[in-house]
Amino acid sequence: MNLHLPSAPHTHAPDSVPRIMGLVLLAVAPATLYGLILFGWPALSLLLVTVLTCLLCEAACLSIAGRPVKPFLWDGSALLTGVLLAVSLPPWAPWWIGALGGFFAIVIGKQVFGGVGQNLFNPAMLARVALLVSFPVEMTTWLGPHPLFSSHAPGLFDGLAITFNGIPDVDGVSGATILGHVRTQLGMNHSLSQILPGHFQPGAAVLGWTGGSLGETAEWLALLGGGWLLWRRVITWQIPVAMLTTVALLAGGFHLLNPDRFADPALHLLSGGLMLGAFFFATDPVTSPTTPIGQLVFGAGCGALVYIIRTWGGYPEGVAFAVVLMNAATPLIDHYLRPRIYGRTWGGQSRPVKRPPTRPGESQ
Amino acid sequence: MKLFDFWGGVHPAGQKHLSADQPIRIMPPPARLHIPLQQHTGLPALAVVKVGDSVLKGQLLAQGQGAVSASVHAPTSGVITAIGDFTAPHVSGLPLPTVTLDSDGEDRWLEREPLPDPFALEPEQVAAQIAEAGIVGMGGANFPAALKLNKARQAKVHTLAVNGAECEPYMTCDDRLMRERAAGIVDGVRLMLYALQAPQAVIAIEDNKPEAIASMSAACHGDPQIRVVVVPSRYPAGSAKQLIQLLTGLETPAGGRGTDTGILVHNVGTAYAVHRALRQAHPLISRIVTITGGAVAEPQNLEAPIGALVEDLLAFCGGVTGEVAKLLMGGPMMGQPLPTWQTPMVKGTNGILALTAAEAQLTTPSPCIRCGRCVEVCPMGLMPLEMSKRARCDDLDGALDFGLIDCISCGSCAYACPSHIPLVQYFEYARGVLEARERAEQKSKETRRLLDQRQARLARAEQAKAEAAARRQAEKRQAKAAKAGAAA
Ligand code: SF4
Ligand code: SF4
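Here the structure is a predicted model, which is why all the values come from computation and not from measurement.

1. Examining the site of ligand 2
Now for step 1: Close contacts around ligand 2 come from 14 residues, with Cys378(B), Cys407(B), Cys410(B), Gly411(B) and Cys413(B) the closest.
Now for step 2: Mapped onto the shell around ligand 2, the elements with two or more residues apiece are α13 (412–416) and α14 (423–487) of chain B.

If you want it as structure tokens, here you go:
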């Protein structure tokens, strides 16, 4: 008889790391597919480039570090990083942006820290920030919808040429995102009531029929995927709810003060990568706090930073910066914001029974 | 009645269907029983029989000694063939003093005197009878029951919470007991209430046991003191701290007792044992155990004699089929893995679980992804990931700072961890090191005390010597002076 003697428990929830990664991949799939359709073949090539780079870098780092390659490669975390990186890039970005991003995310963002579970920053967000700072032109070349198989969309070979050779007529196709447009126009002392009409259509924004990163345009699909993750209990509500509420409250407050200078909450919630960020990037388990209170603080911090950067910072969009900055605060949050222990006060002292004991069921 | 809620918790698959519909079968004593003298918290009982003695069923084998201890009785009639060390039901497999009893096959009872009406006795006397019967907490706590009742009476507890939650997966012994012997349990509850001098009792049963709820409700129908409370099925609802929180919303203070909240928790099995002891002069020599698991041929609930070996119990249930990957005493969440089949069941044994490899889910752990599941499900409000991280690198003070001593080892965290990290194992390890450290500190303190004592003794001796010498000198001088005076 070969009896195993480790201590209890001897049963286990039907859950595992690959399963969690798989569920997140499924949840982000609709938004990703929508982006692929909206931006056509070049977007697909870019996605393949980031995913392959991430997997290759992961395998290379693991074998250099002498760790088992197969179980870690199959846990799905590198694949997920690849997809999440692609959805946060401009859809027609050149191949080397994707490859550099993948390298940066996996090698610098994850393996240098010691691999899965050890990294301080969300790898995809860190890569996006690094790319944006290093290659501002490529990282802000946006274009409107070019849906697959439509008349003005590039075919398969033109698409490959765009990814590997550059966009032939950049000025002809590219334009600013709504957040970028608002920012430049405000800089020229135009008021929002002049800027927005004709540019910001909430309906199109919700549907995702706008320019933007590969997977961030369809807010409703990001919301759908996030809601599904909540329902499957892969993520908890604290971070997304705190983040979105904070942005909405700040935007609402400032908009009331000066509607010509500060955009309303709808514009903030429906543009850029906020939904995707709130449900898929800020909730990355490894780099966010583990306690419910910590998660509330973290989410609120992300939301506040997003609003501050969008409104007063040097970039029109701030989700990646906000998440990365709050990632840095996570160890601190986890150290100080612990749950209250049963039978103890918040300070850790024994907590006396306050009410005089009454019989259960009797009204107090 | 208004229920509150406890924190965290998990919903492991019940697996109770394997044995829940099997009525309790009485297992006749096997040819040989091994009865450990320590089946309880506290000091081991002191043997009052010798090798070669013939004993009758129910006869005292060993007397409890000291403040916290419990007596042990013969589960059947026969001859004592050995008193010595034998494998104890513990993962360490370390032996405990054990009486070996060879059955004579007659199962002859000791002559018993008719019992007085317990309600005509003083509460203390009722508790004394419970102590005499060797009754300990049968939900796994193993604390002597009478002592717990006396302390709770002194603490003026107002409610006895009778624990029939049975939240451990696979286990059905309490369920069957409540279905089949409800009247006995309710009588035992009344006796305990009397010993406690408490006004009321609630019997808490998880909502996945409708038959038990029905039969217990019927048994206490019309008694204004006792009622059945249905609690949600969520592990660990049956843990004393969580049950108290569920019933009252109060928390047992850290380092305090459950009775600080005005509640005393006792298991349904204990209530039944009290009924038997006080009404039928039947000391605690048998109990209901669930023999189950995918590897058991015919999972069942047995009333088995204390001291029966696991292999006897399994053989009575048709033996095992196929490979047993894990053999446990108790349920899968908190049960003890057993090192051998030759381990005796004891008073606190609620079940034997023989798991197949598929059930045991032997997996390799992967790195923590900080998902926070463990924090979410911990009923004590701890951060298991931080505790285990520190325990693993021997940072005991760090683990203590994150609440190691508040952990009740319920296993919810490790159950939920997607990385399959054996969190509880790290906590047990850290506790072991901590205990060793305390023992070492105790020892060095003791050594220091002895050393100080010795030095003090030596110093005293020195001083006495010096004083004696001084005295002699003085006497000499005096004598000299006297002589000189006489000469003058
Ligand atoms: S449940 Fe496991 S993986 Fe998740 S935080 Fe806790 S220890 Fe880490
Ligand atoms: S075993 Fe300890 S740390 Fe884990 S859930 Fe139970 S009480 Fe919490």
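2. With respect to the domain arrangement of chain B
Residues and elements named next belong to chain B.
Now for step 1: By the assigned domains, chain B splits into domain 1 (16–26 + 123–287) and domain 2 (363–488).
Now for step 2: The C-alpha centroid of domain 2 is placed 37 Å from the C-alpha centroid of domain 1.
Now for step 3: Taken together, the contact between domain 1 and domain 2 spans six residues of the former and six residues of the latter.
Now for step 4: Taking both partners together, domain 1 and domain 2 bury about 430 Å²; carbon and sulfur atoms supply 58% of that area.
Now for step 5: Taken together, domain 1 and domain 2 are joined by zero salt bridges.
Now for step 6: The tally of links from domain 1 across to domain 2 stands at two residue pairs in polar contact (both at pLDDT 80 or more).
Now for step 7: Of the residues in the side of domain 1 that touches domain 2, the class split is three nonpolar, two polar and one charged.

3. Overview of the sheet that holds strand β8 (residues 95–103) of chain B
Hydrogen bonds along the backbone pair up the strands of a sheet, which may run parallel or antiparallel.
Residues and elements named next belong to chain B.
Now for step 1: With antiparallel pairing, the four strands of this open sheet are ordered in space as β2-β8-β7-β4. The strands lining the two open edges of the sheet, one partner per strand, are β2 (32–36) and β4 (54–55).
Now for step 2: With five bridges joining them, β2 and β8 adopt antiparallel strand pairing. For leucine 33, the partnering residue across the bridge sits in β8 and is leucine 101.

4. With respect to the nonpolar core
Now for step 1: Residues Leu84(A), Leu229(A) and Phe280(A) are the most contacted members of the largest nonpolar core, which totals 75 residues.
Now for step 2: Examining the composition of this core, we find that 17 residues originate from one element, helix α1 (residues 17–65) of chain A, more than from any other.
Now for step 3: Setting aside its immediate chain neighbours within four residues, Phe280(A) contacts Val24(A), Ala27(A), Val28(A), Leu84(A), Ala222(A), Gly225(A), Gly226(A) and Leu229(A).
Now for step 4: Ala133(B), Ala146(B), Cys173(B) and Leu196(B) belong to the second largest nonpolar core, which has 47 residues in total.

5. Observations regarding the interface of chain A and chain B
Now for step 1: Contacts between chain A and chain B engage 49 residues on the former and 73 residues on the latter.
Now for step 2: Here chain A is connected to chain B by seven salt bridges.
Now for step 3: One salt bridge in this structure joins Arg351(A) and Glu251(B), with 3.3 Å as the shortest N-O distance.
Now for step 4: Our count for the chain A to chain B interface comes out at 25 residue pairs in polar contact (both at pLDDT 80 or more).
Now for step 5: Sorting the residues of the side of chain A that touches chain B by element identifies α1 and α17 (319–336) of chain A as the ones contributing at least two each.
Now for step 6: Among the residues making up the side of chain A that touches chain B, the classes are represented as 23 nonpolar, 16 polar and 10 charged.

6. What about the pattern of salt bridges?
Now for step 1: Across all of its chains, the model carries 28 salt bridges over all chains by this definition.
Now for step 2: Here Glu58(A) ties to Lys110(A) by a salt bridge, and the two come within 3.2 Å at their closest N and O atoms. Of this pair, Glu58(A) sits in helix α1 while Lys110(A) is found in helix α4 (residues 95–111), placing the two residues 52 residues apart along the sequence.
Now for step 3: Overall, the relative accessible area of 3% leaves Lys110(A) in the buried class.
Now for step 4: In this structure, Asp5(B) and Arg234(B) form a salt bridge, with 3.3 Å as the shortest nitrogen-oxygen distance. Separated by 229 residues along the polypeptide, Asp5(B) in the segment before β1 (24–26) and Arg234(B) in the loop between β11 (226–231) and α6 (240–248) bring together distant segments of the chain.
Now for step 5: Under the relative-accessibility criterion, Asp5(B) is labelled partly exposed at 45%.
Now for step 6: A single network of salt bridges, built from pairs that share partners, joins Asp21(B), Asp175(B), Arg179(B) and Glu211(B).

Parameters and conventions
Residues numbered from 1 in each chain as written. Chains lettered and ligands numbered in written order. Predicted model: local features only at pLDDT ≥ 70, side-chain atom pairs only at ≥ 80, totals over all residues. Heavy atoms only, no water. Near = heavy atom within 4 Å. Helix = DSSP H or I, 4+ residues; strand = E, 2+ residues; numbered from the N terminus. Domains from an automatic or database assignment. Contact = heavy atoms within 4.5 Å. Buried area = accessible area lost by both parts, 1.4 Å probe. Salt bridge = Lys/Arg side-chain N within 4 Å of Asp/Glu carboxyl O. Polar contact = N/O pair within 3.5 Å; in protein donor to acceptor, adjacent residues only side chain to side chain. Nonpolar A, V, L, I, M, F, W, Y, C, P; charged D, E, K, R; others polar. Pairing = 2+ DSSP bridges. Core = buried A, V, L, I, M, F, W, Y, C linked by side-chain atoms within 4.5 Å. Buried < 20%, exposed > 50% of the residue type's maximum accessible area, 1.4 Å probe, protein only.

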